[in-house]
Amino acid sequence: MALIEQEVKIALEAESFARLKAGLGLDEVAPRQQVNHYYDSDQSSLKEARAALRLRQYDQVSEWTFKQALDQFQALEITQTNVGHLDSVPASLAGAWIEDEDLLAALAKVGLEPQDLVLRYGFQTHRWTLDLGWGELVLDQTFYGDQVNYELELEAQDLLKAQDYIAKLSQTYDFPLLAADKKIARVSAYYAKSDKNK
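Residues numbered from 1 in each chain as written. Predicted model: local features only at pLDDT ≥ 70, side-chain atom pairs only at ≥ 80, totals over all residues. Heavy atoms only, no water.

Caption draft 1: Region of interest: the overall build of the protein. Broken down by element type, the protein carries five helices and nine strands. For the protein, the sequential pattern of α-helices and β-strands runs β-α-β-α-β-β-β-α-β-β-β-α-β-α. Taking 16 Å as the expected radius of gyration for a compact globule of 198 residues, we find that the protein reaches 17 Å, a close match to that expectation. Here the protein, with 198 residues, has 44% of them falling under the buried criterion. Of the accessible surface of the protein, which amounts to about 10,600 Å², a share of 49% is contributed by carbon and sulfur atoms. Taking the average place of the 20 positive charges on the side chains of the protein and the average place of its 32 negative ones, the gap between the two points comes to 5 Å. (Helix = DSSP H or I, 4+ residues; strand = E, 2+ residues; numbered from the N terminus. Rg over C-alpha atoms; globule rule 2.2 N^0.38 Å. Buried < 20%, exposed > 50% of the residue type's maximum accessible area, 1.4 Å probe, protein only. Areas by Shrake-Rupley, 256 points an atom, 1.4 Å probe, with all protein chains shown as cover. Lys, Arg positive; Asp, Glu negative; His and termini not counted. Charge placed at Lys NZ, Arg CZ, Asp CG, Glu CD.)

Here it is in structure tokens:
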């Protein structure tokens, strides 16, 4: 199913993250564990199209998600949910991994077929979620290489309300409003720099 995702993403330092998590009453809540794997062509065609294809593994299910940025706050999102956790992560997508017609059409629109895609990056995220009624607030702690990143996300239909809410959190919990890059952008930049320094 295709939808338009709207979210505000703010980068946090470890201390701000801990303060905010405690203040929101999430210290005693166990985070949901996610293992994320990103695919692209050898020519980085998805990256060039401001898009990404992600395999996200949870304990009991897995999801293929295509995302394509529309602007700073909006992205087209198409997800195929798979019953069960995949026993192994495919190195390439030749075969019948992706079956959702909308997802296949989105790949075709950027000139790709599943067999063009190979595994590029992987990382793990610990996620705490708070339902606000009008939006979903998320605190993410993401691990890759020797890095740990922290961020606040607020997904809502009313972006002005979301921005105002985050501004109030910023004042209450004393953290700067620094826009966060997408996780895949941070991870790919990290590995590109690592490869360059080899």
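Caption draft 2: Structural context of the pattern of salt bridges. A full pass over the atoms with the stated rule returns 14 salt bridges. Note that Asp140 is salt-bridged to Arg127, the shortest N-O span being 2.7 Å. You can see Asp140 sitting in strand 7 (residues 135–144) and its partner Arg127 sitting in strand 6 (residues 118–131), a full 13 residues away along the chain. When its relative accessible area of 0% is taken as the criterion, Asp140 is described as buried. Put simply, Lys183 and Glu151 hold a salt bridge, and the shortest N to O gap is 3.4 Å. Of this pair, Lys183 sits in helix 5 (residues 183–196) while Glu151 sits in strand 8 (residues 147–156), and the two are 32 residues apart along the sequence. Relative accessible area serves as the criterion here: at 8%, Lys183 is assigned to the buried category. (Salt bridge = Lys/Arg side-chain N within 4 Å of Asp/Glu carboxyl O.)

Caption draft 3: Structural context of the environment of Ile166. By the element assignment, Ile166 lies in helix 4 (residues 159–173). Residues Ile166 and Gly25, 141 residues apart in the sequence, show an inter-C-alpha distance of 16 Å. Every residue in contact with Ile166, bar those within four places of it in the chain, is listed here: Val8, Ile10, Leu152, Leu154, Phe175 and Leu177. (Contact = heavy atoms within 4.5 Å.)

Caption draft 4: Layout of the nonpolar core. With 20 residues, the main nonpolar core has Leu12, Leu20, Leu139, Leu152, Leu169 and Phe175 as its most contacted residues. At the level of secondary structure, the elements contributing two or more residues to this core comprise strand 1 (2–12), helix 1 (14–23), strand 7, strand 8 and helix 4. For Phe175, the residues in contact, after removing those within four places along its chain, are Ile10, Leu12, Ser16, Leu20, Leu152, Ile166, Leu169 and Ser170. Ala51, Leu93, Leu103 and Ala106 belong to the second-largest nonpolar core, a separate cluster that totals 16 residues. (Core = buried A, V, L, I, M, F, W, Y, C linked by side-chain atoms within 4.5 Å.)

Caption draft 5: Highlighting helix 1. Buried within helix 1 we find Ser16, Phe17, Leu20 and Lys21. An end-on view of helix 1 places all buried positions within 130 degrees of arc, on one side of the element. Contacts from the buried residues of helix 1 go to strand 1, strand 6, strand 7, strand 8 and helix 4. (Arc of directions from axis to C-beta.)

Caption draft 6: Here's a closer look at helix 5. Between its first and last C-alpha atoms helix 5 spans 20 Å; for 14 residues at 1.5 Å apiece the expected length is 20 Å, and the two agree. In the core, the buried residues of helix 5 are packed alongside strand 1, strand 2 (32–40), helix 2 (45–48), strand 6, strand 7 and strand 8. (Expected span 1.5 Å × (residues − 1).)

Caption draft 7: Main features of the pairing of strand 4 (residues 61–69). Relative to strand 4, strand 3 (residues 51–57) is paired through seven bridges, and the arrangement is antiparallel. Among the inter-strand pairings, Gln57 is bridged to a residue of strand 4, identified as Ser62. Count of turn residues in the strand 3/strand 4 antiparallel hairpin: three residues. By the bridge criterion, nine bridges tie strand 4 to strand 5 (residues 74–83) in an arrangement that is antiparallel. If you follow Trp64 over to strand 5, its bridge partner there is Gln80. In sequence, strand 4 turns back onto strand 5 through a hairpin of four residues. (Pairing = 2+ DSSP bridges.)

Don't take any of this as a statement about function, it's just geometry.
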